[in-house]
Amino acid sequence: MSKKTQLIVLLTAAFVLTGCAGQQKSSKGTILADSEMVNIHLFAGRLTMTVKSIEKDRINIGNTDNTVNLYLDTDQVYVNNRYLTPLGRTKKIKGLLCVRASIVNDIQKVLPTKEPELVITPVKPSAELSLLKNHSKWLIIVDPGHGGKDPGAISPYGFYEKTVNLSVAAQITEMLKDKGYKVIMTRDDDTFIELEERAAIANRNKASLFISIHADSCATSTANGFTVYISRSASLAAKNLAGSIDNQMKKTGTKSKGTRKADFRVLVQSQCPAVLIELGYLSNYWEEKKLRNENMQRILAGAITAGIVNYTDK
């Protein structure tokens, strides 16, 4: 190989190495797939923070202990007023501003590692519950929402709504049977069932009550709380049932969003008093953590059971 050829090879290699190194250092120049990005609300949730403000050139998120500022114009991320890393690529996906998900790990490395204690408040037995009542005349349909090919909502950490629905519903069923009620579950395993069939199961069996179990999700990670739904044309009996369950659910430490009206098919098509309960938000970091917790699932099941018992005993 001639000296001229050797020189060309060396220069070419140097150019390639310099170009690669330059690309690695420039987060703006790095091409990221949409799957490697996350919207700022889920971004804040993963840091157990909330979005405080969104301005043209700055996004502020934080909690009681820490503050993170994302500067769009200067390509900078500041944590507790100290520069941490370049912001890198931003993009709007489905109308929501997204940033690279890897920043979460960068920030977590400089934040305190100790997590706040997960607080779960047990539901105390109600003085109104009576084991002397004849519960065998009541046939209750317990409906775990979604199932099979339909996972329902999926948390940012991959937890399926259908999973918590089935767990809580199964425990409600067991607790009600222990108190003498007749109970039918619309599904007792990971099976897909059409909405119309769920209501039809109640109608064919001339059910006394229909209880549907779900979990919520929202693009905003700060949304939280449980909700009890009834149909817009709900009977007084359905309203009273919803109120009784709401009163007991409040004792679990989860915020109540009250009783709301919506014409979900399982509510409209059921011929008995029917309610649909959203246990909490899987899109909220702390509520998702609670809904994953087996003890919390048992407590939620106990609260719903207590609400049903209080209603039937009155």
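Predicted model only: the values in this text are computed from it and were never measured. (Residues numbered from 1 in each chain as written. Predicted model: local features only at pLDDT ≥ 70, side-chain atom pairs only at ≥ 80, totals over all residues. Heavy atoms only, no water.)

1. Some details on the overall build of the protein
Okay, so step 1: Of the regular secondary structure elements, the protein holds 9 helices and 14 strands.
Okay, so step 2: Put simply, the protein has 314 residues, and 45% of those count as buried.
Okay, so step 3: Of the contacts made within the protein by residues no fewer than 6 positions apart, 71% connect residues no fewer than 24 positions apart.
Okay, so step 4: Summed over all atoms, the accessible surface of the protein reaches about 16,400 Å², with 53% contributed by carbon and sulfur. (Helix = DSSP H or I, 4+ residues; strand = E, 2+ residues; numbered from the N terminus. Buried < 20%, exposed > 50% of the residue type's maximum accessible area, 1.4 Å probe, protein only. Contact = heavy atoms within 4.5 Å. Areas by Shrake-Rupley, 256 points an atom, 1.4 Å probe, with all protein chains shown as cover.)

2. Details of the nonpolar core
Okay, so step 1: Ranked by size, the top nonpolar core spans 39 residues in total, and within it Ile-211, Ile-245, Ile-277, Leu-279 and Ile-304 carry the most contacts.
Okay, so step 2: For this core, the elements supplying multiple residues, two or more each, are β9 (139-144), α4 (161-178), β10 (182-185), β11 (209-216), β12 (226-230), α6 (236-249), β14 (274-281) and α9 (294-313).
Okay, so step 3: Per element, the largest residue contribution to this core is 8 residues, and it comes from α9.
Okay, so step 4: The next biggest cluster of nonpolar side chains, apart from the first, holds 20 residues, and it includes Leu-47, Met-49, Val-51 and Val-77. (Core = buried A, V, L, I, M, F, W, Y, C linked by side-chain atoms within 4.5 Å.)

3. With respect to α4
Side chains of residues three or four places apart in an α-helix project in the same direction, reflecting 3.6 residues per turn.
Okay, so step 1: A rise of 1.5 Å per residue sets the reference length of α4, with its 18 residues, at 26 Å; its end C-alpha atoms lie 26 Å apart and thus fit the reference within 8%.
Okay, so step 2: Where α4 is concerned, the buried positions are Glu-161, Lys-162, Val-164, Asn-165, Val-168, Ala-169, Gln-171, Ile-172, Thr-173 and Leu-176.
Okay, so step 3: The elements touched by buried residues of α4 are β9, β10, β11, β14, α8 (285-292) and α9.
Okay, so step 4: Backbone geometry just downstream of α4 places Gly-180 in the positive-phi region, at approximately 100 degrees. (Expected span 1.5 Å × (residues − 1).)

4. A few points about the environment of Asp-190
Okay, so step 1: With respect to the secondary-structure elements, Asp-190 resides in the loop between β10 and α5 (195-204).
Okay, so step 2: For the pair Asp-190 and Gly-148, spaced 42 residues apart in sequence, the C-alpha to C-alpha distance is 4.9 Å.
Okay, so step 3: Only 2.7 Å separates the side chain of Asp-190 from the backbone nitrogen of Gly-148, close enough to count as a polar contact.
Okay, so step 4: There is a polar contact of 3.1 Å between the side chain of Asp-190 and the side chain of Lys-162. (Polar contact = N/O pair within 3.5 Å; in protein donor to acceptor, adjacent residues only side chain to side chain.)

5. Observations concerning the sheet that holds strand β5 (residues 76-79)
Okay, so step 1: Overall, antiparallel pairing links the 5 strands, which are arranged β2-β3-β4-β5-β6 in an open sheet. Of all the strands in the sheet, just β2 (50-54) and β6 (82-85) have a single pairing partner and so form its edges. Taken pair by pair, the neighbouring strands of this sheet meet at an average axis angle of 25 degrees, ignoring direction. (Pairing = 2+ DSSP bridges. Axes fitted to C-alpha atoms, helices over the stretch in contact; angles between N-to-C directions.)

6. A closer look at the side chain of Asn-39
Okay, so step 1: Within the fold, Asn-39 resides in strand β1 (residues 37-39).
Okay, so step 2: Only 2.9 Å separates the side chain of Asn-39 from the backbone nitrogen of His-41, close enough to count as a polar contact.
Okay, so step 3: Ignoring any residue separated from it by four or fewer positions in sequence, one finds Asn-39 in contact with Leu-96, Leu-97, Cys-98 and Ala-219.

7. Things to note about the sheet that holds β1
Okay, so step 1: Strand order in the open sheet made by the 3 strands is β1-β8-β7, with antiparallel pairing throughout. The sheet terminates laterally at β1 and β7 (90-93), the two strands that pair on one side only. On average, each strand axis in the sheet is inclined to that of its neighbour by 40 degrees, with strand direction left out of account.
Okay, so step 2: Two strands pair when backbone bridges link them, and β7 and strand β8 (residues 96-100) are joined in this way by 4 bridges, in the antiparallel orientation.

8. Topic: the environment of Met-37
Okay, so step 1: Position of Met-37 relative to the elements: it lies in strand β1.
Okay, so step 2: Sequence separation between Met-37 and Cys-98 is 61 residues, and the spatial gap between their C-alpha atoms is 5.9 Å.

9. Brief notes about the pairing of β14
Okay, so step 1: Of all 8 residues that make up β14, 8 are buried, and the element is covered over most of its length.
Okay, so step 2: Pairing of β12 with β14 involves 3 bridges; the strand directions are antiparallel. Note that in β14 the partner of Tyr-229 across the bridge is Leu-276.

10. Thoughts on the pairing of β2
Okay, so step 1: Direction of pairing for β2 relative to strand β3 (residues 58-62): antiparallel, over a ladder of 4 bridges. Bridging across to β3, Thr-50 finds its partner in Gly-62.
Okay, so step 2: A loop of 3 residues connects β2 with β3, the two strands running antiparallel in sequence.

11. A closer look at the packing of α8 against α9
Okay, so step 1: Contact geometry for α8 and α9: axes closest at 5 Å, N-to-C directions at 85 degrees. In terms of orientation, α8 and α9 fall into the roughly perpendicular class. On the side of α8, the interface is formed by Lys-290, Leu-291 and Arg-292, while α9 contributes Glu-294, Met-296, Gln-297 and Leu-300.
Okay, so step 2: Of the residues in the contact of α8 with α9, the class split is 3 nonpolar, 1 polar and 3 charged. (Parallel < 35°, antiparallel > 145°, perpendicular 65-115°, else oblique. Nonpolar A, V, L, I, M, F, W, Y, C, P; charged D, E, K, R; others polar.)

12. Points about the pattern of salt bridges
Okay, so step 1: For the structure shown, the criterion picks out 9 salt bridges.
Okay, so step 2: A salt bridge links Glu-196 to Arg-265; its shortest N-O distance comes to 2.7 Å. Of this pair, Glu-196 sits in helix α5 while Arg-265 sits in helix α7 (residues 265-269), placing them 69 residues apart in sequence.
Okay, so step 3: Accessibility expressed as a relative area gives 33% for Glu-196, which makes it partly exposed.
Okay, so step 4: When its relative accessible area of 43% is taken as the criterion, Arg-265 is described as partly exposed.
Okay, so step 5: Here Lys-250 ties to Asp-246 by a salt bridge, and the two come within 3.3 Å at their closest N and O atoms.
Okay, so step 6: On the accessibility criterion, Lys-250 (45% relative accessible area) is partly exposed. (Salt bridge = Lys/Arg side-chain N within 4 Å of Asp/Glu carboxyl O.)

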